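Residue-level structure breakdown
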Amino acid sequence: MSDCLFCRIVAGEIPATIVHETETTMAFRDIAPQAPTHVVLVPKLHSPDAVALATAAPGVLDDLFLAAGEVAAAEGVDEGGYRLLFNTGADAGQTVFHAHLHLLGGRELGALA
Ligand code: 5GP
Ligand code: ZN
C-alpha cells in the first residue's frame, strides 16, 4: 500500500533506523521515543491492526514476538524488563494503521493508563 507509512518504510522508500529484520518482519526505532529503548516491530505484510493480522496471517504474530525477544536482548532490556503493546484503534491512540508492536524499555514504565 503506497499510502501506508510503514509499508513505505518496509519498502525502503522512507528512511528508518532498522535494528532487526526477518523474512516476515522489520523492526526500527520509533521517531518519537517514549523510553530509552523504543522500537516498533511491523509485519512486512500490510494489515491495519494486530487483530486483523491474526486473521490474515496468524503465524506472523509469532514472528513479531520472537523478533521482539531478539531486539530486547540486543538492546539489553531483557534483564530489567520491557513492555510490548499493540495500540488497536483510535481510542487506544493508534495513529498508523499498519499493525505494529511497540517495544519499550530502559526505564521504569509504571502502570498502564
Ligand atoms: P501508534 O500511535 O499508531 O501506536 O504508533 C505509531 C508510532 O509510529 C508512534 O510511536 C510514532 O512516533 C511512530 N512514527 C510515526 N511516524 C514515524 C516515522 O516516520 N518513522 C518512525 N521511525 N516512526 C514513526
Ligand atoms: Zn502498511
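Per an unreviewed UniProt entry, the chain is named Histidine triad (HIT) family protein, and its organism is Saccharothrix tamanrassetensis.

What follows is about the overall build of the chain. Looking only at helices and strands, the chain has three helices and five strands in total. Counting from the amino terminus, the chain carries its helices and strands in the arrangement α-β-β-β-α-α-β-β. Its C-alpha atoms give the chain a radius of gyration of 13 Å, within 12% of the compact-globule value 13 Å for 113 residues. C-alpha extents for the chain along the principal axes are approximately 35 × 30 × 25 Å.

A few words on the UniProt feature "active site" (unreviewed entry) in the chain. Mapped onto this numbering, the UniProt entry gives "active site" (unreviewed entry) at His-100. As for its placement among the helices and strands, His-100 is situated in the loop between β4 (82-85) and β5 (101-105). By the C-beta count within 10 Å, which is 24 here, His-100 ends up buried.

Glancing now at the sheet that holds β4. Judged by pairing direction, the sheet is antiparallel, and its five strands sit side by side in the order β1-β2-β3-β5-β4 without closing on themselves. Both edges of this open sheet fall to β1 (18-21) and β4, since each of them pairs with a single strand only. For this sheet, the mean inter-axis angle between neighbouring strands, taken without regard to orientation, is 20°. Where strand β2 (residues 25-29) meets strand β3 (residues 37-43), five bridges bridge the pair, whose relative direction is antiparallel. Bridging across to β3, Thr-25 finds its partner in Pro-43.

Once that is clear, we can look at the nonpolar core. Core analysis: the biggest nonpolar cluster contains 21 residues, and Ala-27, Val-39, Leu-41, Val-42, Ala-68, Val-71 and Leu-103 have the highest contact counts within it. The dominant element in this core, judged by the number of residues it contributes, is helix α3 (residues 58-75), at six residues. Beyond its immediate chain neighbours, meaning those up to four positions away, Val-42 contacts Phe-6, Val-10, Thr-25, Met-26, His-98, Ala-99 and His-100.

Close inspection of predicted coordinates is inappropriate for parts of the model with low pLDDT. Looking at the chain, pLDDT values average 96 and 98% of them are 70 or higher. Overall fold confidence (pTM) sits at 0.97, and the ipTM for the predicted complex is 0.99.

A word on the pairing of β5. Side chains Leu-101, Leu-103 and Gly-105 of β5 all project onto a buried face; the interleaved residues His-102 and Leu-104 project onto a face where none is buried. Here β4 runs beside β5; their pairing, made up of four bridges, is antiparallel. Bridge pairing in β5 places Tyr-82 opposite Gly-105.

Criteria and thresholds
Residues numbered from 1 in each chain as written. Chains lettered and ligands numbered in written order. Predicted model: local features only at pLDDT ≥ 70, side-chain atom pairs only at ≥ 80, totals over all residues. Helix = DSSP H or I, 4+ residues; strand = E, 2+ residues; numbered from the N terminus. Rg over C-alpha atoms; globule rule 2.2 N^0.38 Å. UniProt positions renumbered as here; feature names shortened; annotations may be inferred. Buried ≥ 20, exposed ≤ 12 C-beta atoms within 10 Å, placed from the backbone. Pairing = 2+ DSSP bridges. Axes fitted to C-alpha atoms, helices over the stretch in contact; angles between N-to-C directions. Core = buried A, V, L, I, M, F, W, Y, C linked by C-beta atoms within 7 Å. Contact = placed C-beta atoms within 7 Å. pLDDT = per-residue confidence, 0-100.

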